[in-house]
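What follows is each chain in one-letter form.
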Amino acid sequence: WDDFGSGIAALDFNGDGYDDLAVLQMFWVPDSLLSLLPTINYGRLLFYYGGQQFDNTPDFTISGTYPGELCTSQFYSYLVSVGDVNGDGCDDLGVVGNTDWTGGSSSNQRPYVAVYFGGQNPSSQPGYYKWFPSPHSSNQAEIDPLGDINNDGFDDFGYCYKPDNYYNELSEAAIILGNNQSFTEVVWRRFTNQSYSCLNPVGDVNHDGYDDYVFHYWNAENTEAFKTNTLYFGRAEIMPVDSLLLYSGNDIMAVKAKGLGDLNGDGKDDFCGFMRSQYLRVWFGNETLSSLSDLNLSPGWSGESSSDRGLIHGDLNHDGYDDAIGSSPLSNGQSGGFRIWLGGTNMNGTSDLTVNGPYIGMQMGIGMAAGDFNADGYCDVAASAPHSTAFDSSHGRVYVYAGNAQLTDTTISNEENAVGNLGDRWSFRIIPNPVFSGQSWKLKFTGRGYAKLHKPVIRIYNAKGQKVKTFSISSEHIQSGEFDISDLRVGRGIYEVSLYEKGNLLHTGKITIK
């Protein structure tokens with residue numbers, strides 16, 4: 001097989017305001033070297049740009065230039081959007097790869113993490129690159145987005161690295177602060193090479209303007225593995241001070257954490273604090289959080305074992321609430337698939353829809369991504385089956401399922417508020433986002449029902465909750481579905497964009513100003 005889809009990610013790579021789909025084809029080689037398979041693989045990245053013309057023809061490709069460059073372990077390939085780390089208005093892509101092992105021998109290969117900068121004319125060379133000294137450790141290197149944890153207007157990211165047990169090296173976790181000049185690396189932790197760690201983004205869960213993150217630590221030195229998941233709150237000074245312990249124990253299946261957007265529509269980011277095979281523990285964002293979770297999503301589908309790549313989120317039915325999506329590649333006779341938990345004011349933990357892989361053995365859901373790829377206002381779901389044996393062609397596949405208004409909560413109890421007429425559900429998108437100070441941007445209304453708004457106003461708040469600007473939206477702008485903002489002169493940072501009608505808050509979004 002060619003492992004097409006061994007990693008996938010949703011991001012706005014070309015900065016046009018539409019979500020794009022990046023796909024890793026790990027076992028790709030140049031045609032001239034096909035006879036050397038399977039011992040020599042280069043790998044490549046394919047980008048499918050979003051928009052109304054979204055299709056299955058790649059618009060941009062980055063091909064590996066030496067054996068192993070974009071080819072890691074079959075089961076641990078990693079591809080992720082790290083946000084806009086260099087402040088150019090385009091999302092950037094994080095990957096894990098290997099240094100050169102020309103000759104077909106992997107005895108000297110070293111893992112690396114890299115970031116490819118997005119752009120209208122992107123480079124095929126990474127803008128950030130760091131390799132690690134220990135051979136045979138590609139399975140143990142990871143790159144993760146962190147959001148803007150110090151609220152300086154640039155997205156940040158982190159890496160974690162565990163050397164092979166044979167080598168006397170320390171494991172390491174570090175935070176890389178984004179910037180448009182040069183990055184700052186802060187080594188966050190070093191510990192024994194018998195330990196594994198990762199940094200997981202969860203969003204701004206306490207609503208203070210700083211993105212927060214969870215540090216997952218697994219000490220495997222003892223006969224009984226010991227794990228902790230600790231929530232750290234973002235702040236201007238990077239080294240952690242304020243924290244909250246979410247999990248501590250030796251459950252082998254208690255792994256990682258993941259941001260889930262705004263599931264209950266209260267304007268605060270929600271997150272999964274840790275994952276188990278039986279359930280996913282969810283905390284709703286709040287200014288004051290405790291170690292007690294608010295909701296269990298069942299079953300605990302979040303991707304492969306010890307992985308968080310199968311847990312994603314997005315507003316699939318455009319009702320103003322983010323929805324949680326979790327995959328299980330080995331379920332249903334290894335056809336794989338994913339489940340959807342629809343968000344809402346009184347969200348419950350029972351999945352509302354199960355999508356199974358079309359063929360037995362294809363293991364759909366190893367890679368998962370959510371974005372509005374076809375620009376219709378509904379978030380879509382991409383699910384990959386990279387090393388399926390279900391096809392004679394032995395090519396991996398990526399399936400894209402379109403979001404739509406027909407997705408409804410199938411598990412509403414008598415105590416819950418039923419969702420109203422989906423035909424009157426609407427929201428707005430901020431395009432482009434992020435923007436530079438002084439640059440014009442707009443609100444684009446999506447869905448149905450916004451035309452009924454009467455004299456709405458937009459209020460802009462800074463991270464401290466202070467109102468910095470108010471705009472009145474005319475009926476003409478409401479009917480056109482767009483409202484341009486060109487005279488907002490404020491400093492860099494994250495701002496809340498809230499729409500009110502007759503004093504009532506209807507919708508909230510966030511914009512990052514560089």
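Quantities reported herein were computed from a predicted structural model and do not represent experimental measurements. (Residues numbered from 1 in each chain as written. Predicted model: local features only at pLDDT ≥ 70, side-chain atom pairs only at ≥ 80, totals over all residues. Heavy atoms only, no water.)

A. Representation of the sheet that holds strand β7 (residues 111-116) within the structure. As summarised here, the arrangement of the 4 strands in space is β5-β6-β7-β8, forming an open sheet in which the pairing is antiparallel. The open sheet has two free edges, formed respectively by β5 (79-83) and β8 (128-131), since each of these has just one partner strand. Strand-to-strand, the axes of this sheet are offset by a mean angle of 20 degrees, without reference to chain direction. (Pairing = 2+ DSSP bridges. Helix = DSSP H or I, 4+ residues; strand = E, 2+ residues; numbered from the N terminus. Axes fitted to C-alpha atoms, helices over the stretch in contact; angles between N-to-C directions.)

B. Main features of the sheet that holds strand β12 (residues 184-191). Spatial ordering of the open sheet is given by β9-β10-β11-β12, a layout of 4 strands whose pairing is antiparallel. Pairing within the sheet leaves two strands with one partner each, and these edge strands are β9 (141-147) and β12. Averaged over all adjacent pairs, the angle separating strand axes in this sheet is 20 degrees, with direction ignored. Direction of pairing for strand β10 (residues 156-161) relative to strand β11 (residues 171-177): antiparallel, over a ladder of 5 bridges. Its bridge partner lying in β11, phenylalanine 157 is registered against isoleucine 176.

C. Spatial organisation of the pairing of strand β14 (residues 212-219). Most of β14 sits out of view: 8 of its 8 residues are buried. Of the two faces of β14, the one carrying Asp212, Val214, His216 and Trp218 and the one carrying Tyr213, Phe215, Tyr217 and Asn219 are both buried. Pairing of strand β13 (residues 195-203) with β14, which is carried by 8 bridges, proceeds in the antiparallel orientation. Bridging from a neighbouring strand, cysteine 198 pairs with histidine 216 of β14. Sheet topology places β14 next to strand β15 (residues 226-232); 7 bridges connect them, and they run antiparallel. When the bridges of β15 are listed, asparagine 219 appears paired with phenylalanine 226. (Buried < 20%, exposed > 50% of the residue type's maximum accessible area, 1.4 Å probe, protein only.)

D. Structural detail: the nonpolar core. Formed by 23 residues in total, the largest nonpolar core has its most connected members in Trp441, Leu443, Phe445, Ile458, Ile460, Val497 and Leu499. When residues of this core are traced back to their parent elements, those giving at least two are β28 (426-431), β29 (441-447), β30 (457-461), β32 (482-485), β33 (493-501) and β34 (504-513). Discounting chain neighbours no more than four positions away, the residues touching phenylalanine 445 are Trp426, Ser427, Phe428, Tyr450, Leu453, Ile473, Ile478, Gly481, Glu482 and Leu499. With 21 residues, the next largest nonpolar core counts Leu11, Phe13, Leu24 and Phe27 among its residues. (Core = buried A, V, L, I, M, F, W, Y, C linked by side-chain atoms within 4.5 Å. Contact = heavy atoms within 4.5 Å.)

E. Looking closely at the packing of aromatic side chains. Summed over all chains, the structure comprises 23 aromatic pairs. Centroid distance phenylalanine 13 to phenylalanine 60: 6.4 Å. Interplanar angle 25 degrees. Geometry classified as stacked. You can see phenylalanine 13 sitting in the loop between β1 (4-11) and β2 (20-25) and its partner phenylalanine 60 sitting in strand β4 (residues 60-63), a full 47 residues away along the chain. The same class applies to phenylalanine 13 as to phenylalanine 60, namely buried. Considering the side-chain rings of phenylalanine 428 and phenylalanine 445, the 6.5 Å spacing of their centres and the 80 degrees angle between planes classify their relative orientation as edge-to-face. One end of the pair, phenylalanine 428, is in strand β28; the other, phenylalanine 445, is in strand β29, and 17 residues separate them in sequence. (Phe/Tyr/Trp six-rings, centres within 6.5 Å; stacked < 30°, edge-to-face > 60°.)

F. Fine view of the pairing of strand β18 (residues 271-275). In terms of burial, β18 is a largely internal element, 5 of the 5 residues being buried. Of the pairings in the sheet, the one linking strand β17 (residues 258-259) to β18 comprises 2 bridges and is antiparallel in character. When the bridges of β18 are listed, glycine 259 appears paired with phenylalanine 271. Where β18 and strand β19 (residues 280-283) come together, 4 bridges link them in antiparallel fashion. When the bridges of β19 are listed, phenylalanine 271 appears paired with tryptophan 283.

Geometric values such as these leave the question of function open.
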